[in-house]
Amino acid sequence: MANYEAVIGLEVHVQIRTHSKMFTRVATGYGQPENTLTDPTVLALPGALPVMNRAALDAIIKAGLMLGCEIAPVCKWDRKNYFYPDSPKNYQISQYDQPICLGGAVEIELPGPARNLMGEHKLIPLTRIHLEEDVGKCSHGATDSLVDYNRAGTPLMEIVSEPALHSGEEAYAYLTALRAAIVQGGISDCDMEKGQMRCDANISIRPVGATGLGTKVELKNLNSISYVRAGIDHEIKRQVALIESGGTIVQETRDYDGLTGASQSLRTKEMAHDYRYFPDPDLMPVQVDEAWKARLRASCPELPFDRQRRYFRDYELPYTLTSVLIWDRPLAEYFEAAVKAGGAAGKARAQQIGNWIANDLLRELKAGGAAGAEGTGGAGGLALAEVKMRPEHIAELVELVESGKLLGPAAKEVFAQTFASGEAPLAVAERAGLLAQPTDSGDLEAWCREAIANNAKAAAEFRAGKESAINGLKGPVMKAARGKANPREVDETLRRLLAE
Ligand SMILES: Nc1ncnc2c1ncn2[C@@H]1O[C@H](COP(=O)(O)OP(=O)(O)OP(=O)(O)O)[C@@H](O)[C@H]1O
Ligand SMILES: [Mg+2]
Ligand SMILES: [Mg+2]
């Protein structure tokens, strides 16, 4: 293994979330009764003609702009000819030599040395992104086969990477980042279980130091990001073992079974299709002008890693907290709304605000039963939009804690009640008697003087410059106050008396 380097390029197919199909107005959908989402165009009845779906074009241009692609001023449609029952037209409309998006890159993060440390970032260059139509679905029985055309004609974008990945781990990071960008851009939900995102991995190996490319093997049917990682690592080992035992790699397509961890050949190069691409005479080329691009550019959200850099810079958030927030756009926007609601103090308290969201709010969301939020592995459970606790409530809660009006356990209780009812934190705390008792300043001063007198050593240490020695005095004061004193007032009073 040490003598070989793996080279991997990924082809990722993503179904664009549109109401209607790519070239006709019949609805798209999943889980409907078989062959109900069809019409003469989908079924390729004689005389039916395709009409482009502008929403699908908008979505792919947006994806291209988010990933830094060049948007071709003119692109065209080609027929990819092959016969298989899942494509009733006998060809698939795709884009061959003039795709709509060229170049671009996906920024990835590899696992860090520890969970709380950021890993290495890399830019994985893209070759192209083009638009095509999805095919139907065949189910093969023992003696017969059935075909369902509901999926046929769904807008599908194919994102092709350069052969620039080198391990299953890198492919995993690439798919994670790509999926987040597409989901956060509102282009697709990328649910792999529903086939909304599918990945083929092209894998070759070469001696370390070589620059040419080895013979590639294409792995198909990788239906989860973890299976892609496992399938690639398995294929790299298989190729190295084959070469080391004196064999040669044949160009072929293999099927990797994520459950058994084994792969088998589906077809070799000799059986590869000759697609006889030619321009589709029924469709005009597409011209994308500056105004069209500008309109979509304005709708592009910030990419997760750009958001993370902004959180480091503006709020000095710790890495672990940012990596909870950035992968789920509604969650990140909720956090930013809470910081904003905190006004001038919000920015300084961004970390406390983030902690309540990442720990307490997410725990409640996950425990909730409603439909998933964004599907990026973030919130899950209850959707953020349905939550009664609003961002301003988090800001108010943090303000109460920071000003010493709410102590730890009481703050948790207020959180639980606000989450359940949507009643504002201050109102909850007042009604339930959870506010820290305003201590009589005379009492507080007396307790503090007593604590200083009874703990002369700690007092002397503090006066000599040992900052932490003050904690040794707070305990006795709190005890005298039966835990009800405002910690900030205790701190201030002790400091004032110690400075006398
Ligand atoms: N020798 C190689 N080793 C690893 N990856 C490769 C190699 N050669 C090409 N690739 C990668 O394989 C992928 C080829 O995808 P592309 O869609 O261009 O062609 P294809 O697989 O022949 O077409 P189809 O869409 O019909 O499957 C790209 O991601 C590319 O980076
Ligand atoms: Mg391809
Ligand atoms: Mg391919």
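Residues numbered from 1 in each chain as written. Chains lettered and ligands numbered in written order. Predicted model: local features only at pLDDT ≥ 70, side-chain atom pairs only at ≥ 80, totals over all residues. Heavy atoms only, no water.

- As recorded in an unreviewed UniProt entry, the chain goes by the name Aspartyl/glutamyl-tRNA(Asn/Gln) amidotransferase subunit B, listed as coming from Cephaloticoccus primus.
- You can read under Sequence similarities (unreviewed entry) in the UniProt record for the chain the words "Belongs to the GatB/GatE family. GatB subfamily."
- Quoted verbatim from the Subunit (unreviewed entry) field of the UniProt record, the comment on the chain reads "Heterotrimer of A, B and C subunits." (UniProt positions renumbered as here; feature names shortened; annotations may be inferred.)

Overview of the site of ligand 1
Move 1: Neighbouring residues of ligand 1: 17 residues in total, closest E11, S161, P163, S204 and G214.
Move 2: The separation between an oxygen atom of ligand 1 and a polar main-chain atom of P163 is 3.0 Å.
Move 3: At 2.7 Å, a side-chain N or O of S204 approaches a nitrogen atom of ligand 1.
Move 4: Within the complex, the protein chains bury 73% of what would otherwise be the 640 Å² of accessible surface of ligand 1.
Move 5: Of all the secondary-structure elements, those providing two or more residues to the shell around ligand 1 are β1 (4-15), β11 (155-161) and β12 (197-207).
Move 6: Ranked by the residues each element gives to the shell around ligand 1, the list is headed by β1, at 4 residues.
Move 7: Across the shell around ligand 1, the residue classes break down as 6 nonpolar, 5 polar and 6 charged. (Near = heavy atom within 4 Å. Polar contact = N/O pair within 3.5 Å; in protein donor to acceptor, adjacent residues only side chain to side chain. Areas by Shrake-Rupley, 256 points an atom, 1.4 Å probe, with all protein chains shown as cover. Helix = DSSP H or I, 4+ residues; strand = E, 2+ residues; numbered from the N terminus. Nonpolar A, V, L, I, M, F, W, Y, C, P; charged D, E, K, R; others polar.)

Considerations on the coordination of the magnesium ion (ligand 3)
Move 1: Protein coordination of the magnesium ion (ligand 3) is provided by E11 (OE), E11 (OE) and E218 (OE), with donor distances spanning 2.3 to 2.6 Å.
Move 2: In this model, the magnesium ion (ligand 3) sits 3.8 Å from the magnesium ion (ligand 2), the two metals being bridged by E11. Taken together, the positions of E11 in strand β1 and E218 in strand β13 (residues 217-222) put the pair 207 residues apart, joining distant regions of the chain. In this structure, E11 and E218 share a single accessibility class: buried. (Donors = N, O, S within 2.8 Å, 3.2 Å for Na, K, Ca; no water. Buried < 20%, exposed > 50% of the residue type's maximum accessible area, 1.4 Å probe, protein only.)

Concerning helix α11 (residues 408-421)
Move 1: The end-to-end C-alpha distance of α11, which contains 14 residues, comes to 20 Å, matching closely the 20 Å that a straight helix rising 1.5 Å per residue would cover.
Move 2: Taken residue by residue, α11 has A410, A411, V414, F415, T418 and F419 as its buried positions.
Move 3: On its buried face, α11 sits against α9 (350-367), α10 (391-402) and α12 (425-431).
Move 4: Just beyond α11, the residue with positive phi is G422, at close to 85°. (Expected span 1.5 Å × (residues − 1). Contact = heavy atoms within 4.5 Å.)

Focus on the packing of α10 against α11
The packing of two helices is summarised by the inter-axis angle and the distance between the axes.
Move 1: The contact between α10 and α11 brings their axes to 11 Å, and the two run at 165°. Considered as vectors, α10 and α11 are oriented roughly antiparallel to each other. As α10 runs across α11, the sense of the crossing is right-handed. When α10 is examined against α11, the residues H393, I394, L397 and V401 are found in contact with a partner set consisting of A411, V414, F415 and T418. (Axes fitted to C-alpha atoms, helices over the stretch in contact; angles between N-to-C directions. Parallel < 35°, antiparallel > 145°, perpendicular 65-115°, else oblique. Left-handed = near helix turned anticlockwise from the far one by under 90°.)

Points about helix α2 (residues 168-184)
Move 1: For α2, which comprises 17 residues, the first-to-last C-alpha distance of 24 Å matches the rise-based estimate of 24 Å (1.5 Å per residue) to within 8%.
Move 2: With 14 of its 17 residues buried, α2 lies for the most part within the structure.
Move 3: Immediately downstream of α2, the backbone of G186 shows phi near 70°, a positive value.

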